[in-house]
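Chain and residue survey
Listed below are the residues making up each chain.
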Amino acid sequence: MRNIWTIAKREFTNYFTSPIAYTVAFLFLAIIGLIFVLNLSYYTSNPFGYADAPDTRMVTGPMAFLLILAVPALTMRLLADEVRMGTMELLLTAPVRDFELVTGKWLGAFLFMLVLIAITLVFPFLLDQLVRPGIDQVLMVSGYLGIVLTTAALLALGVGFSAMFSNQVAAFFATISVFVVLWWLIGAPAGILPVGGDFFRYLDLSSQVYDNFNEGILKLSSIIYFLSLTSLGLLIGTTSVEIRRWK
Amino acid sequence: MIRVNELSKNFGLRKAIDNISFEARQGEILGFLGPNGAGKTTTMRILTGYMPPSSGEATIAGYDVVTESLEVRKRVGYLPETVPLYTDMTVFGYLKFMSDLRHLPNAEERVEETLEMVGLLDRAEGYIGNLSKGMRQRVGLAQALLHRPEVLILDEPTIGLDPAQIIEVRNVIREVGKERTVMLSTHILSEAQQLCDRILIINKGKIVAEDTPENLQARLTGAERVHMRVRGEVAELAEKIGQMKGIQEVQPKEEGALEFQFAPGQDLRPEVARLVVQSNYDLLEMRSVNLSLEEIFLQLTRDEAAMEVNEE
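The structure displayed is predicted, hence computed values, not measured ones.

1. Some words on the packing of helix α2 (residues 19-45) of chain A against helix α3 (residues 57-75) of chain A
Helix packing geometry: the angle between the two helix axes and the distance between the axes. Residue and element names in this part refer to chain A. The geometry of α2 relative to α3 is characterised by a closest axis approach of 10 Å and an angle of 160° between their N-to-C directions. Considered as vectors, α2 and α3 are oriented roughly antiparallel to each other. Both α2 and α3 take part in a crossing whose hand is right-handed. Note on element contacts: α3 touches α2 through Met 58, Val 59, Pro 62, Met 63, Leu 66, Ala 70, Ala 73 and Leu 74, opposite Ile 20, Ala 21, Val 24, Phe 28, Ile 31, Ile 32, Ile 35, Phe 36 and Asn 39. Of the residues contributing to the contact of α2 with α3, the split by class is 16 nonpolar, one polar and no charged.

2. Focus on the packing of helix α3 (residues 91-101) of chain B against helix α5 (residues 133-145) of chain B
All names here are of chain B. With their axes 10 Å apart at the nearest point, α3 and α5 run at an angle of 25° to one another. Put simply, α3 runs roughly parallel to α5. Between α3 and α5 lies a crossing of right-handed hand. Contact with α3, carried on its side by Val 91, Tyr 94, Leu 95 and Met 98, involves Val 139, Ala 142 and Gln 143 of α5 and no other residues of that element. For the contact of α3 with α5, the class distribution of residues is six nonpolar, one polar and no charged.

3. With respect to the nonpolar core
Of all hydrophobic cores here, the largest spans 137 residues; its most connected members are Leu 155 and Val 159 of chain A together with Tyr 94 of chain B. Beyond its immediate sequence surroundings of up to four residues, Leu 155 of chain A is in contact with Val 71, Thr 75, Trp 106, Ala 109, Phe 110 and Met 113 of chain A. By size, the runner-up hydrophobic cluster in this structure holds 11 residues, among which are Met 228, Val 234, Phe 262 and Val 276 of chain B.

4. Things to note about the environment of Tyr 78 of chain B
Considering the arrangement of structural elements, one finds Tyr 78 of chain B in strand β6 (residues 76-79). Given 26 C-beta atoms within 10 Å, Tyr 78 of chain B falls into the buried group. With 34 residues separating them in the primary sequence, Tyr 78 of chain B and Met 44 of chain B have C-alpha atoms 8.7 Å apart. Each residue touching Tyr 78 of chain B, except ones within four places of it in the same chain, is listed here: Thr 93 of chain A together with Thr 48, Ala 144 and Ile 153 of chain B.

5. Quick look at α2 of chain A
The end-to-end C-alpha distance of α2 of chain A, which contains 27 residues, comes to 38 Å, matching closely the 39 Å that a straight helix rising 1.5 Å per residue would cover. Along α2 of chain A, the residues that are buried comprise Val 24, Ala 25, Phe 28, Ile 32 and Phe 36 of chain A.

6. Comments concerning unusual backbone geometry
All names here are of chain B. At Asn 19, a position not held by glycine, the phi torsion is positive, near 55°. With respect to the helices and strands, Asn 19 occurs in strand β2 (residues 14-24). Residue classification places Asn 19 among the partly exposed residues on the basis of 14 C-beta atoms within 10 Å. Even without glycine at this site, Arg 148 takes up a positive phi of about 45°. With respect to the secondary-structure elements, Arg 148 resides in the loop between α5 and β7 (151-155).

Each value, and the rule that gives it
Residues numbered from 1 in each chain as written. Chains lettered and ligands numbered in written order. Predicted model: local features only at pLDDT ≥ 70, side-chain atom pairs only at ≥ 80, totals over all residues. Axes fitted to C-alpha atoms, helices over the stretch in contact; angles between N-to-C directions. Helix = DSSP H or I, 4+ residues; strand = E, 2+ residues; numbered from the N terminus. Parallel < 35°, antiparallel > 145°, perpendicular 65-115°, else oblique. Left-handed = near helix turned anticlockwise from the far one by under 90°. Contact = placed C-beta atoms within 7 Å. Nonpolar A, V, L, I, M, F, W, Y, C, P; charged D, E, K, R; others polar. Core = buried A, V, L, I, M, F, W, Y, C linked by C-beta atoms within 7 Å. Buried ≥ 20, exposed ≤ 12 C-beta atoms within 10 Å, placed from the backbone. Expected span 1.5 Å × (residues − 1).

Structure, rendered in structure tokens:
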């Protein structure tokens, strides 16, 4: 446990000196802010008068999608760069288990993302000041829980793919390809197949986010989905590190 | 301390190391000598738990490097060939991180002590990326020494350093090697000769010789050779030395120099010196001729190559 924390701490502080991390953070926050402002102006300038009060889905909805782009940029470096710099040899001969290394890397990235996500709480807070009688807090908590779980799962997969490659760019594209499959493609058979559609809908990441958490619906099966995906990512990472030893 | 038994490692069809066995005791500095690609790094990587062997076994302090890898890694300090450093960290930050990974108590004090050992205390707050190659090498060495390991494995510790730095690093190794087991690889023969208690010569994945530097030298030449210089004409003196018991060969050289040779183990230098003085010569210089380890190395590694050509 202690080793995981040591590695996570180094990785977390490392992000604050990394230009890529700053770029990702800037774009992530700027785009969410922009969408927030555009939404607000849409509501206020609607001549017909809007029936529904605006809610936090206009923050959590786009944020979930932005994770698809932000996460690979943050995770591509994590293990691939250790291989390139030769420091992998250092970590693999230190008294640290392979899964502690991979999990520590994941935790460092997760903590960094949590900081970004925490900053976005400023938007629900603003919205709460603007609408009466305030925002639907259940929807907000559920939406943010969905974001945190999605972040955990995507980061784990990102770390897993970073461990497979010794080149960051390759890791980036492999990760984003898998995300595209999870976000768009895997749910497609649900609408086509006569039977078993539910299974593919269950695997569909965007459906898990938008149909459940983002609508304030908390299902145990959805939480299990994200936790499984997180474990899978860390398992891929650990296995890749182990395979690297044998090569 | 280190025990290696019939260890092999294959990369695909290529045998990087082929059935090697050796041991190293506590307080011994073991030199691992061989041309590039001989299998030195592979052997070290197996011993440090970086990669598993294809067959055979190795133990360090009684722990198996595969099944008890974590115990082995706790007891080994390792300096890989390409010194693994985070260039965006400070020297202190890097060593603190490594101390934390090793769960060292009083990590900060320990880091400072270690930096003092390698003479880098004044650069503790500097970024590793700004250090010279020699200094980086010393940071790497500090990393290997942090936990005061029982076994120190150094892959080419002096490569790329300037002569002054080489001497410094060697002194650190010699100091550390007094109570610990040190295994170091090198392809510089004089280094192995100066530092090591015992030398293993490895070529194409096989150990071709194993002995003390002195014995290795003696084994090749079958004799110890001494270079001597006196004032004046040496022809007559050479004759006298040649008549001494145990002298195998005398070769007069120009300008008062001559070389003589005797069987290893029976040091005839004092007798020769006495003879020189008694014959009214001024003795200016007397030293062992130490080139023979180079010759051994070439001979041992060349023989292998020649055999392989014949097989083909």
